[in-house]
Amino acid sequence: MVAGGAVVANRCLALLSKMFNLAELWGWRPEHSNPVRHIEKYKEVRRERYLSADEFARLGGALATSAEVGSESPFALAAIRLLIFTGARLGEILTLRWDYIDLEQRVLKLPDTKTGRKLIWLNPPAVEILMAMPRIKGNPYVIVGDREGTHLVNIQKVWRRLRKRANIPDARIHDLRHSYASVAVAAGVGLFLTGKIFGHLRTSTTERYAHLADDPVRQANDTIGRRIHEVLSSPIADPEKIANKKVSS
(Lines give C-alpha, C1' and ligand atoms only; values in the text may rest on other atoms or scores of the structure.)
Protein backbone atom coordinates (compact mmCIF):
# COMPACT_ATOMS: atom_id res chain seq x y z
CA MET A 1 0.00 0.00 0.00
CA VAL A 2 1.30 3.46 -0.87
CA ALA A 3 1.79 5.73 2.13
CA GLY A 4 -1.32 7.87 2.40
CA GLY A 5 -3.89 5.16 1.84
CA ALA A 6 -6.24 4.15 -0.94
CA VAL A 7 -6.83 7.65 -2.33
CA VAL A 8 -3.12 8.37 -2.76
CA ALA A 9 -2.59 4.92 -4.28
CA ASN A 10 -5.35 5.54 -6.82
CA ARG A 11 -3.88 8.91 -7.77
CA CYS A 12 -0.46 7.30 -8.26
CA LEU A 13 -2.04 4.63 -10.45
CA ALA A 14 -3.76 7.28 -12.57
CA LEU A 15 -0.49 9.19 -12.94
CA LEU A 16 1.41 6.07 -14.02
CA SER A 17 -1.30 5.15 -16.50
CA LYS A 18 -1.16 8.63 -18.03
CA MET A 19 2.63 8.46 -18.30
CA PHE A 20 2.59 5.09 -20.07
CA ASN A 21 -0.21 6.16 -22.41
CA LEU A 22 1.77 9.24 -23.41
CA ALA A 23 4.85 7.09 -23.95
CA GLU A 24 2.81 4.97 -26.39
CA LEU A 25 1.45 8.08 -28.09
CA TRP A 26 4.96 9.46 -28.57
CA GLY A 27 6.26 6.16 -29.91
CA TRP A 28 8.46 5.36 -26.93
CA ARG A 29 6.56 2.14 -26.12
CA PRO A 30 4.61 -0.39 -28.22
CA GLU A 31 0.86 0.22 -28.46
CA HIS A 32 -1.36 -1.39 -25.81
CA SER A 33 1.66 -2.09 -23.60
CA ASN A 34 0.56 -0.04 -20.59
CA PRO A 35 1.52 -2.34 -17.67
CA VAL A 36 -0.96 -0.74 -15.22
CA ARG A 37 -3.96 -0.85 -17.57
CA HIS A 38 -5.67 -3.78 -15.84
CA ILE A 39 -4.78 -2.94 -12.24
CA GLU A 40 -7.97 -2.29 -10.27
CA LYS A 41 -8.28 0.85 -8.18
CA TYR A 42 -9.04 0.75 -4.48
CA LYS A 43 -12.59 1.56 -3.52
CA GLU A 44 -12.80 5.11 -2.22
CA VAL A 45 -15.29 6.26 0.38
CA ARG A 46 -16.15 9.89 -0.27
CA ARG A 47 -15.89 11.90 2.93
CA GLU A 48 -18.28 14.81 3.25
CA ARG A 49 -17.66 17.01 6.30
CA TYR A 50 -19.46 20.28 6.88
CA LEU A 51 -18.83 22.72 9.69
CA SER A 52 -21.88 23.49 11.82
CA ALA A 53 -22.77 27.04 12.89
CA ASP A 54 -21.26 26.35 16.31
CA GLU A 55 -18.05 25.02 14.74
CA PHE A 56 -17.81 28.07 12.49
CA ALA A 57 -18.15 30.26 15.58
CA ARG A 58 -15.39 28.38 17.41
CA LEU A 59 -13.13 28.60 14.36
CA GLY A 60 -13.79 32.34 14.17
CA GLY A 61 -12.78 32.65 17.80
CA ALA A 62 -9.61 30.63 17.18
CA LEU A 63 -8.68 32.86 14.24
CA ALA A 64 -9.29 36.02 16.26
CA THR A 65 -7.28 34.77 19.23
CA SER A 66 -4.37 33.64 17.05
CA ALA A 67 -4.28 37.04 15.33
CA GLU A 68 -4.47 38.89 18.64
CA VAL A 69 -1.60 37.02 20.29
CA GLY A 70 0.44 36.87 17.07
CA SER A 71 0.96 33.12 17.32
CA GLU A 72 0.48 32.49 13.58
CA SER A 73 1.54 34.10 10.32
CA PRO A 74 -1.00 36.80 9.42
CA PHE A 75 -0.76 35.62 5.82
CA ALA A 76 -1.68 32.05 6.81
CA LEU A 77 -4.64 33.34 8.83
CA ALA A 78 -5.74 35.50 5.90
CA ALA A 79 -5.53 32.48 3.59
CA ILE A 80 -7.83 30.48 5.85
CA ARG A 81 -10.27 33.38 6.11
CA LEU A 82 -10.35 33.65 2.32
CA LEU A 83 -11.01 29.93 2.03
CA ILE A 84 -13.94 30.31 4.43
CA PHE A 85 -15.48 33.24 2.55
CA THR A 86 -14.86 32.16 -1.05
CA GLY A 87 -15.14 28.36 -1.12
CA ALA A 88 -11.97 28.38 -3.24
CA ARG A 89 -9.45 25.56 -3.37
CA LEU A 90 -6.36 25.86 -1.19
CA GLY A 91 -3.99 26.09 -4.15
CA GLU A 92 -6.06 28.86 -5.71
CA ILE A 93 -5.67 31.01 -2.61
CA LEU A 94 -2.03 30.22 -1.85
CA THR A 95 -0.97 31.10 -5.42
CA LEU A 96 -3.26 34.13 -5.69
CA ARG A 97 -1.50 37.11 -7.26
CA TRP A 98 -2.46 40.75 -6.89
CA ASP A 99 -2.92 41.12 -10.63
CA TYR A 100 -5.64 38.43 -10.53
CA ILE A 101 -7.79 40.61 -8.24
CA ASP A 102 -10.41 43.03 -9.53
CA LEU A 103 -11.84 44.72 -6.44
CA GLU A 104 -13.98 47.07 -8.52
CA GLN A 105 -15.83 44.11 -10.04
CA ARG A 106 -15.36 42.08 -6.83
CA VAL A 107 -13.90 39.06 -8.59
CA LEU A 108 -10.74 36.96 -8.75
CA LYS A 109 -9.71 36.19 -12.33
CA LEU A 110 -7.65 33.02 -12.15
CA PRO A 111 -5.89 32.21 -15.43
CA ASP A 112 -5.05 28.56 -14.84
CA THR A 113 -6.89 26.29 -12.41
CA LYS A 114 -7.99 22.68 -12.14
CA THR A 115 -10.91 23.51 -14.47
CA GLY A 116 -9.13 26.10 -16.67
CA ARG A 117 -9.75 29.84 -16.53
CA LYS A 118 -11.98 30.66 -13.61
CA LEU A 119 -13.77 33.52 -11.91
CA ILE A 120 -14.23 33.55 -8.15
CA TRP A 121 -16.78 36.10 -7.02
CA LEU A 122 -15.99 38.05 -3.88
CA ASN A 123 -18.54 38.80 -1.18
CA PRO A 124 -18.06 41.85 1.11
CA PRO A 125 -16.17 39.94 3.87
CA ALA A 126 -13.71 38.56 1.28
CA VAL A 127 -13.19 42.06 -0.17
CA GLU A 128 -12.56 43.40 3.33
CA ILE A 129 -9.90 40.74 3.96
CA LEU A 130 -8.10 41.58 0.71
CA MET A 131 -8.23 45.32 1.30
CA ALA A 132 -6.60 44.83 4.70
CA MET A 133 -3.75 42.75 3.27
CA PRO A 134 -0.33 44.46 2.96
CA ARG A 135 1.38 44.44 -0.41
CA ILE A 136 5.01 43.42 -0.12
CA LYS A 137 7.24 45.21 -2.60
CA GLY A 138 8.73 42.82 -5.14
CA ASN A 139 6.30 40.02 -4.25
CA PRO A 140 3.38 39.45 -6.65
CA TYR A 141 1.55 37.12 -4.26
CA VAL A 142 -1.17 37.95 -1.76
CA ILE A 143 -0.29 35.13 0.65
CA VAL A 144 3.38 35.90 1.13
CA GLY A 145 5.85 33.12 1.86
CA ASP A 146 8.93 33.01 4.05
CA ARG A 147 11.33 33.48 1.16
CA GLU A 148 11.51 36.72 -0.81
CA GLY A 149 9.17 36.83 -3.79
CA THR A 150 7.36 33.56 -2.94
CA HIS A 151 3.97 32.51 -1.64
CA LEU A 152 3.20 30.23 1.28
CA VAL A 153 3.32 26.60 0.22
CA ASN A 154 1.94 24.75 3.23
CA ILE A 155 -0.39 25.92 6.01
CA GLN A 156 -1.29 22.50 7.39
CA LYS A 157 0.58 23.03 10.68
CA VAL A 158 -1.23 26.33 11.19
CA TRP A 159 -4.54 24.63 10.41
CA ARG A 160 -3.87 21.81 12.89
CA ARG A 161 -3.21 24.33 15.67
CA LEU A 162 -6.33 26.31 14.76
CA ARG A 163 -8.62 23.31 14.67
CA LYS A 164 -7.25 22.14 18.02
CA ARG A 165 -7.98 25.56 19.51
CA ALA A 166 -11.46 25.49 17.93
CA ASN A 167 -12.06 21.87 19.04
CA ILE A 168 -12.76 20.58 15.52
CA PRO A 169 -9.99 17.94 15.36
CA ASP A 170 -11.39 16.01 12.40
CA ALA A 171 -11.91 19.01 10.09
CA ARG A 172 -9.70 19.29 7.01
CA ILE A 173 -8.89 22.49 5.16
CA HIS A 174 -10.81 21.20 2.13
CA ASP A 175 -13.89 20.85 4.37
CA LEU A 176 -14.10 24.65 4.34
CA ARG A 177 -14.98 24.39 0.64
CA HIS A 178 -17.65 21.77 1.37
CA SER A 179 -18.96 23.95 4.19
CA TYR A 180 -19.26 26.98 1.90
CA ALA A 181 -21.36 24.89 -0.48
CA SER A 182 -23.47 23.51 2.35
CA VAL A 183 -24.30 27.03 3.54
CA ALA A 184 -25.21 28.06 -0.02
CA VAL A 185 -27.55 25.13 -0.63
CA ALA A 186 -29.13 25.22 2.84
CA ALA A 187 -29.78 28.97 2.34
CA GLY A 188 -31.81 28.20 -0.76
CA VAL A 189 -29.21 28.91 -3.45
CA GLY A 190 -29.99 26.45 -6.24
CA LEU A 191 -27.60 23.74 -7.37
CA PHE A 192 -27.11 25.47 -10.73
CA LEU A 193 -25.95 28.73 -9.12
CA THR A 194 -23.86 26.87 -6.55
CA GLY A 195 -22.15 25.04 -9.41
CA LYS A 196 -21.48 28.35 -11.18
CA ILE A 197 -19.98 29.82 -8.01
CA PHE A 198 -17.71 26.81 -7.64
CA GLY A 199 -16.76 26.59 -11.30
CA HIS A 200 -18.07 23.04 -11.63
CA LEU A 201 -18.03 21.80 -15.21
CA ARG A 202 -20.45 18.93 -14.53
CA THR A 203 -23.74 19.17 -12.67
CA SER A 204 -22.97 15.79 -11.09
CA THR A 205 -20.15 17.45 -9.14
CA THR A 206 -22.59 19.86 -7.53
CA GLU A 207 -25.29 17.26 -6.95
CA ARG A 208 -23.34 15.81 -4.03
CA TYR A 209 -24.77 18.76 -2.05
CA ALA A 210 -28.37 18.18 -3.15
CA HIS A 211 -29.39 16.51 0.10
CA LEU A 212 -28.52 19.70 1.98
CA ALA A 213 -31.48 21.43 0.34
CA ASP A 214 -33.76 19.31 2.53
CA ASP A 215 -33.43 21.74 5.45
CA PRO A 216 -35.31 24.73 3.95
CA VAL A 217 -37.87 22.31 2.47
CA ARG A 218 -38.36 20.75 5.89
CA GLN A 219 -38.71 24.18 7.51
CA ALA A 220 -41.36 25.20 4.99
CA ASN A 221 -43.22 21.94 5.52
CA ASP A 222 -43.09 22.43 9.30
CA THR A 223 -44.60 25.90 8.92
CA ILE A 224 -47.49 24.50 6.86
CA GLY A 225 -48.03 21.75 9.42
CA ARG A 226 -48.08 24.24 12.32
CA ARG A 227 -50.61 26.42 10.50
CA ILE A 228 -52.98 23.52 9.81
CA HIS A 229 -52.54 22.18 13.36
CA GLU A 230 -53.40 25.52 14.97
CA VAL A 231 -56.51 25.90 12.82
CA LEU A 232 -57.65 22.35 13.51
CA SER A 233 -57.17 22.92 17.23
CA SER A 234 -59.43 26.01 17.21
CA PRO A 235 -63.19 25.72 17.82
CA ILE A 236 -64.11 26.59 14.23
CA ALA A 237 -61.98 25.64 11.22
CA ASP A 238 -62.61 27.03 7.79
CA PRO A 239 -60.55 27.66 4.61
CA GLU A 240 -60.32 31.39 5.28
CA LYS A 241 -58.64 30.77 8.62
CA ILE A 242 -56.16 28.39 7.02
CA ALA A 243 -55.25 31.05 4.48
CA ASN A 244 -55.13 34.04 6.81
CA LYS A 245 -53.98 32.80 10.20
CA LYS A 246 -50.48 34.08 10.98
CA VAL A 247 -48.05 31.63 12.47
CA SER A 248 -45.07 32.82 14.46
CA SER A 249 -41.82 31.35 13.17
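Being a predicted model, the structure only gives us computed values, none of them experimental. By convention here, each chain's residues receive numbers from 1 onward along its written sequence. In keeping with the predicted nature of the model, local features appear solely for residues at pLDDT of at least 70, side-chain atom pairs appear and are counted solely at 80 or more, and the whole-chain, interface and lining totals rest on all residues. Heavy atoms throughout the structure, all of them, feed into the side-chain values; hydrogens and water do not.

Novice: Kindly report on the environment of V153, identifying the contributing residues and their values.
Specialist: Helix and strand definitions follow DSSP, with helices as H or I runs of at least four residues and strands as E runs of at least two, each counted in order from the N terminus. Tracing the chain through its elements places V153 in the loop between α5 (124-132) and α6 (156-166). Here the term buried applies to any residue with accessible area under 20% of the maximum for its type, exposed to any over 50%, and partly exposed to those in between, with areas from a 1.4 Å probe on protein chains only. Taking relative accessible area as the criterion, V153 reaches 68% and is therefore assigned exposed.

Novice: If you had to explain the packing of helix α2 (residues 53-69) against helix α3 (residues 74-86) to someone new, which residues and values would you point to?
Specialist: All axes are obtained by fitting lines to C-alpha atoms, using only the stretch in contact for helices, and the reported angles, taken between N-to-C directions, cover 0 to 180 degrees. At their nearest, the axes of α2 and α3 sit 11 Å apart, and the two run at 155° to each other. In terms of orientation, α2 and α3 fall into the roughly antiparallel class. Note on packing geometry: the crossing formed by α2 with α3 is left-handed. The segment α2 lies against α3, with F56, L59, L63, A64, S66 and A67 engaging L77, I80, R81 and I84. Residue composition of the contact of α2 with α3, by class: eight nonpolar, one polar and one charged. We call two directions roughly parallel when the angle between them is under 35 degrees, roughly antiparallel when it is over 145, roughly perpendicular when it lies between 65 and 115, and oblique otherwise. Should the near helix be turned counterclockwise from the far one by less than a right angle, the crossing is left-handed, whereas a clockwise turn marks it as right-handed. In this description, contact between two residues means that some pair of their heavy atoms is separated by no more than 4.5 Å. Residues are grouped as follows: nonpolar covers Ala, Val, Leu, Ile, Met, Phe, Trp, Tyr, Cys and Pro; charged covers Asp, Glu, Lys and Arg; every other residue, Gly included, is treated as polar.

Novice: Account for α3, naming residues and giving values.
Specialist: A rise of 1.5 Å per residue sets the reference length of α3, with its 13 residues, at 18 Å; its end C-alpha atoms lie 18 Å apart and thus fit the reference within 8%. Among the residues of α3, those classed as buried are F75, A76, L77, A78, A79, I80, L82, L83, I84 and T86. Any pair of nitrogen or oxygen atoms within 3.5 Å is treated as a polar contact; in protein, a donor-acceptor pairing is required on top of that, and neighbouring residues in sequence qualify only through side-chain atoms on both sides. The N-terminus of α3 is capped by S73, whose side-chain oxygen sits 3.1 Å from the backbone nitrogen of F75. Of the residues flanking the end of α3, it is G87, one or two places downstream, whose phi is positive at about 70°. Each helix should span, by expectation, one fewer than its residue count multiplied by 1.5 Å.

Novice: Break down α2 for me, citing the residues and quoting the values.
Specialist: Over its 17 residues, α2 extends 25 Å from the first C-alpha to the last, a length consistent with the 24 Å expected when each residue adds 1.5 Å. Positive backbone phi, approximately 70°, marks G70, located one or two places after α2.

Novice: Which residues make up the packing of aromatic side chains, and what are the values?
Specialist: Stacked, tilted and edge-to-face are the three classes applied to pairs of Phe, Tyr and Trp rings, where Trp contributes its six-membered ring and a pair requires centres within 6.5 Å; stacked means planes under 30 degrees apart, edge-to-face means over 60, and tilted covers the rest. Under the counting rule described, the total for this entry stands at one aromatic pair. For the pair W26 and W28, a centre-to-centre distance of 5.1 Å together with 65° between the ring planes defines the contact as edge-to-face. Given a relative accessible area of 65%, W28 falls into the exposed group. Charge over a ring is defined by NZ of Lys or CZ of Arg lying within 6 Å of the ring centre and within 35 degrees of the ring normal. Against the face of Y141 rests R97, its NZ or CZ located 5.6 Å from the ring centre. In this structure, R135 is placed above the aromatic ring of W98, and the distance from its NZ or CZ to the ring centre is 4.2 Å.

Novice: Just give me the short version of the pattern of salt bridges, but keep the residues and values in it.
Specialist: Salt bridge criterion: a side-chain nitrogen from Lys or Arg within 4 Å of a carboxyl oxygen from Asp or Glu. Applying the stated criterion across every chain, the model contains six salt bridges. Close ionic contact of D102 with K109 constitutes a salt bridge, the shortest N to O distance being 3.3 Å. With a shortest N-O distance of 2.8 Å, D175 and R172 are connected by a salt bridge. On the basis of relative accessible area, R172 is assigned to the partly exposed category, the value being 32%.

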